[in-house]
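Residue strings, one per chain:
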Amino acid sequence: MKIGIILGRGTEGCGVTQCAIQMQIVSGATILSCVDKKWPRGKKIEFPGEYVEFNLKKGIESSLINQLNSYDLVVVYSVPSKSHPQETQDNFLELLRLIKVRKSFINVDHNAQSIARNANLKEIVNEVDVAMTHALTNPFSEWAKKENITTPLLKMRLGFDFDGYRSKYWKDVSQQKPREVRWIGRLAGWKGPQLMIDFHNEQLRALNYTTILEGLEASIGYKGVLYKDKEYENRRQCANYFRPEKEYSDGKWSEDLHGQEVAGEVYLYPPYTHVDCMNRMSLSAFGSDLYHLKPHMYGNNIENCHAEPIACGTVPIFHKHFGKHVIHHKTGDPVIESKESGTIFLDSDNMEECAHIMRNLSDDAFLRDIYREQAFEFWKSHADGADVVKEIIDISINTPIENTTNDLEQFFQIGDMT
């Protein structure tokens, strides 16, 4: 089957880009990415796709229309934002109207603000044959109901190439730094950077651990990570290199800082080059993504930033709230209830317990190796890329267009995907 993937927003270098790449790994799809707006993180990943210009006053190139109509399926993973050029917004919508093969749209946005930034979203969703999202109770589903979207809307899973990452990055446990924790993500409260810093300062600092946060952008909300109070008077103890402050002489960011960290300190670093960060992750004993949402928004999915520490061979540290509300695809139970998940679930109310587990694993390489192998098998069985991509393709191709959303929800529950 020939599949085309469209990134209408461009190569952002975040979750959407990685999801498209994961689908390509399994299906061999061609990724076409809008080049009309540049994204800083897009330069820091190895992007295996083609770039397409939509900002054309003469309209869509006929060659692009013919190319997309030669596929069996076209999957739209992102659409232009309202900040893209007007020609880009208009031409993208017109392109979808000219694609006559089966089309699906996958929404990975979690919150209403992100959804609202998409240009022509209602018209775009009504142009495809089926749409998918994390949960049928999340903000996108509520938006679709409010906008009277008639396109079938289904729940979908997110998958990851665990085996591919393992073959590329996994190291012997003896090569890892037993007291090193590496968190990856973005400057967003729901990614949990504040919790990771507080965990280090309240527990791990005294145990001589090194904690490193990578991926923090120097955006306007940076003080929300650096300070514990809204008045910005109670600063968290940390070495801040993602947006240096004049009142603290932490120095300027340099790639040379990697590997020079001092035990006992917590470091805050800017966005990373993907392959380099994965290599660093593989040498850390513990890897973390502290993503947490409101319960109705999860949809039982994991992020790429969850899967990467697992597949690189670390013992994962995830948010306890996430663990309570995400249901494992195979066991049918909340993931936190599994005794063989190989995962540490952290929150502000169990820091001492988590630190105790980590200390035991740091002191016992054999036990830590068991933990990370358990984590790999547990999370692969939940979100293996091959299985998930096959489901997405099946839904995209075979969902009856005339069915209602309720009928489709029942259809999608086959295979224990609720």
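Residues numbered from 1 in each chain as written. Predicted model: local features only at pLDDT ≥ 70, side-chain atom pairs only at ≥ 80, totals over all residues. Heavy atoms only, no water.

1. Concerning the overall build of the chain
Here is step 1: Scanning the chain for helices and strands turns up 16 helices and 14 strands.
Here is step 2: The C-alpha atoms of the chain give 22 Å as radius of gyration, which agrees with the globular expectation for 418 residues (22 Å, within 12%).
Here is step 3: Seen along its three principal axes, the alpha-carbon backbone of the chain occupies a region of about 60 × 50 × 40 Å.
Here is step 4: Counting only carbon and sulfur atoms, one obtains 48% of the accessible surface of the chain, whose full area is about 17,600 Å².
Here is step 5: On the chain, the mean spot of the 48 positive side-chain charges and the mean spot of the 58 negative ones are 4 Å from each other. (Helix = DSSP H or I, 4+ residues; strand = E, 2+ residues; numbered from the N terminus. Rg over C-alpha atoms; globule rule 2.2 N^0.38 Å. Areas by Shrake-Rupley, 256 points an atom, 1.4 Å probe, with all protein chains shown as cover. Lys, Arg positive; Asp, Glu negative; His and termini not counted. Charge placed at Lys NZ, Arg CZ, Asp CG, Glu CD.)

2. As for the sheet that holds strand β13 (residues 315-319)
Here is step 1: One open sheet holds the seven strands; their spatial order is β10-β11-β9-β8-β12-β13-β14, and the pairing between them is parallel. Two strands in the sheet have a free side with no partner beyond their single neighbour: β10 (239-240) and β14 (344-346).
Here is step 2: Helix α13 (residues 351-363) rests against β8 (177-184), β12 (284-289), β13 and β14 of the sheet, and its axis sits at about 150° to β14.
Here is step 3: Helix α14 (residues 365-383) rests against β8, β12, β13 and β14 of the sheet, and its axis sits at about 60° to β13. (Pairing = 2+ DSSP bridges. Contact = heavy atoms within 4.5 Å. Axes fitted to C-alpha atoms, helices over the stretch in contact; angles between N-to-C directions.)

3. Focus: the confidence of the model for the chain
Here is step 1: Across the chain, the average pLDDT comes to 91, with 94% of residues at 70 or higher.
Here is step 2: Considering only residues more than four positions removed or in separate chains, one finds that residues 403-418, a stretch of pLDDT under 50, has 28 contacts. (pLDDT = per-residue confidence, 0-100.)

4. Comments concerning the sheet that holds strand β4 (residues 73-78)
Here is step 1: What the seven strands build is an open sheet, ordered β3-β2-β1-β4-β5-β6-β7; its pairing is parallel. What marks the edges here is a single partner per strand, and that holds for β3 (50-52) and β7 (153-155). For this sheet, the mean angle separating the axes of adjacent strands, direction not counted, is 25°.
Here is step 2: Two strands pair when backbone bridges link them, and strand β1 (residues 3-7) and strand β2 (residues 30-34) are joined in this way by four bridges, in the parallel orientation. Considered in β2, the bridge of I5 is made with I31.

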